[in-house]
Amino acid sequence: MKKLSSYRLDDKIVLITGANTGIGKETARDLARRGPLVIMACRDVEKGEAAAKEIMEETGNSLLVVKRLDLADTKSIREFAQQVNEEYQHLDILINNAGVMMCPYSKTADGFELQFGVNHLGHFLLTYLLIDLIKRSSPSRIINVSSHAHNMGSINFDDLNSEKSYNSVKAYAQSKLANILFTRELARKLEGTSVLVFTLHPGVVRTELARHLNPVVRFGLALLRPFTKSPSSGAETTIYCAVADGLEEETGQYFRKAVSIIKDPAHPRHFSTFFCWTKIQKSEITYQPTEEHLLPAAIRLLNEPTLQ
């Protein structure tokens, strides 16, 4: 990352979800050194404040703001987005970093399987609610943290909530694949706006995300510890996507080790079909099949023109 150390973000505003721990915290730490105002969106405000204090003391940047955001609750997402839209005149970089991994089966406040609801739907809604502000701030960037686990995933349109059968690994992989499909189609829809959109695999990183893994898997990871990344190393690709020059032709791409993988994920469904399957609604998230009946369990978040 030495080649990026001189890149400055003075007078910019960066928003990072899940910024109080792990990759998100290390991303906030690095970007704070570059001079922007950093909005740390955290479910646990107390931990967020502690992380912000640590980063401010280390970097000398006092422009860190902690705001509560619960991605498992669309009410919280809407309240958070309203605050950002009212309090700031621009948003230059949105980093959708927060997530949950391979947790026991549970649902969000709105009734969605937790991993899909937090990792994809929550960030989808947040991005939508901030998209006008981001477009007015162009050139700007949106970064969705995915995972190599997407290769194990498929979008189970017949059981998006995993109510018929739940496998924590498959549910996680589905949510990470959704991040990539969303990124690709959002980039296409934002062509000509100077808003760049990227997704990435941070690597196998030692973070709190592994807390839900069963003891056998955790033991295996402990044995592999010498081959895994620290959170600071895991943040490097996110930081690259946030600050590197010359990425205009890479919008919509999936990055790994700060290199874009110039190929589509090997899944048959068209990106545009997936994007139409997840649409924005002012009132609430509901299930509704498409007219073509191709997506029998499609989620519809009431269609509006902002992302058309």
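Residues numbered from 1 in each chain as written. Predicted model: local features only at pLDDT ≥ 70, side-chain atom pairs only at ≥ 80, totals over all residues. Heavy atoms only, no water.

1. What to know about the overall build of the chain
Along its length, the chain carries nine helices and ten strands. In the chain, which comprises 308 residues, the share counted as buried stands at 55%. Counted over contacts in the chain with a minimum sequence separation of 6, partners at least 24 positions apart contribute 73%. A total of about 14,200 Å² of accessible surface is found on the chain, and carbon and sulfur atoms cover 51% of it. (Helix = DSSP H or I, 4+ residues; strand = E, 2+ residues; numbered from the N terminus. Buried < 20%, exposed > 50% of the residue type's maximum accessible area, 1.4 Å probe, protein only. Contact = heavy atoms within 4.5 Å. Areas by Shrake-Rupley, 256 points an atom, 1.4 Å probe, with all protein chains shown as cover.)

2. Concerning the confidence of the model for the chain
The predicted model of the chain has a mean per-residue pLDDT of 80, with 72% of residues at 70 or higher. Confidence drops under pLDDT 50 across residues 223-227; counting only partners more than four residues distant or on other chains, this segment forms one contact. Within the model, pLDDT remains below 50 along residues 276-308, and this stretch shows 79 contacts once partners closer than five positions in the same chain are excluded. (pLDDT = per-residue confidence, 0-100.)

3. A word on the packing of helix 1 (residues 22-32) against helix 2 (residues 45-59)
Remark: helix 1 packs on helix 2, axes separated minimally by 10 Å, with the N-to-C direction vectors making an angle of 30°. When the interaxial angle is binned, helix 1 and helix 2 end up roughly parallel. The two elements helix 1 and helix 2 meet at a crossing, and its hand is right-handed. Residues Lys-25, Ala-28, Arg-29 and Ala-32 of helix 1 form the contact with helix 2, whose participating residues are Ala-51, Glu-54, Ile-55, Glu-58 and Thr-59. Residue composition of the contact of helix 1 with helix 2, grouped by class: four nonpolar, one polar and four charged. (Axes fitted to C-alpha atoms, helices over the stretch in contact; angles between N-to-C directions. Parallel < 35°, antiparallel > 145°, perpendicular 65-115°, else oblique. Left-handed = near helix turned anticlockwise from the far one by under 90°. Nonpolar A, V, L, I, M, F, W, Y, C, P; charged D, E, K, R; others polar.)

4. Examining the nonpolar core
By size, the foremost hydrophobic cluster in this structure holds 34 residues, and its most contacted members are Leu-15, Phe-80, Leu-126, Leu-130 and Ile-142. Counting only elements with at least two residues in this core, the list comes to strand 1 (13-17), strand 2 (37-42), helix 3 (74-87), helix 4 (114-136), helix 5 (168-189) and strand 6 (195-201). For this core, the element with the highest residue contribution is helix 4, accounting for nine residues. (Core = buried A, V, L, I, M, F, W, Y, C linked by side-chain atoms within 4.5 Å.)

5. Regarding unusual backbone geometry
With an omega dihedral of 5°, the bond running from Ser-138 to Pro-139 counts as a cis peptide bond. Its place among the elements puts Pro-139 in the loop between helix 4 and strand 5 (140-145). For Met-102, which is not glycine, the phi torsion reads 50° and is therefore positive. Counting through the fold element by element, Met-102 comes out in the loop between strand 4 (93-96) and helix 4. Judged by its relative accessible area of 16%, Met-102 falls in the buried class.

6. Considerations on the packing of aromatic side chains
Across all of its chains, the model carries four aromatic pairs by this definition. An angle of 45° between the planes, with centres 4.7 Å apart, marks the rings of Phe-124 and Phe-182 as tilted. In this pair, Phe-124 sits in helix 4 while Phe-182 sits in helix 5, placing the two residues 58 residues apart along the sequence. Residue Phe-124 is classed as buried on the basis of its relative accessible area of 2%. (Phe/Tyr/Trp six-rings, centres within 6.5 Å; stacked < 30°, edge-to-face > 60°.)

7. Notes on the pairing of strand 1
Within strand 1, five of the five residues are buried, which leaves it mostly tucked inside the rest of the structure. Burial of strand 1 is two-sided: the residues Ile-13, Leu-15 and Thr-17 facing one way and the residues Val-14 and Ile-16 facing the other way are all buried. Traced from strand 1 through helix 1 to strand 2, the parallel crossover comes out right-handed. Judged from the three bridges that link them, strand 1 and strand 4 form a sheet pairing that is parallel. Residue Val-14 lies in a different strand from strand 4, and its bridge partner there is Ile-93. (Right-handed = clockwise from strand over helix to strand, strands pointing away. Pairing = 2+ DSSP bridges.)

8. Side note on helix 1
With eleven of eleven residues buried, helix 1 is to be regarded as a mostly interior element. By the burial criterion, the buried members of helix 1 are Gly-22, Ile-23, Gly-24, Lys-25, Glu-26, Thr-27, Ala-28, Arg-29, Asp-30, Leu-31 and Ala-32.

9. Things to note about the pattern of salt bridges
Here the structure, examined in full by the defined rule, presents twelve salt bridges. Between Lys-25 and Glu-54 there is a salt bridge whose closest N-O contact spans 3.0 Å. One end of the pair, Lys-25, is in helix 1; the other, Glu-54, is in helix 2, and 29 residues separate them in sequence. We classify Lys-25 as buried; its relative accessible area is 16%. Note that Asp-30 and Arg-34 form a salt bridge whose closest N and O atoms lie 2.7 Å from each other. Owing to a relative accessible area of 17%, Asp-30 belongs among the buried residues under this scheme. (Salt bridge = Lys/Arg side-chain N within 4 Å of Asp/Glu carboxyl O.)

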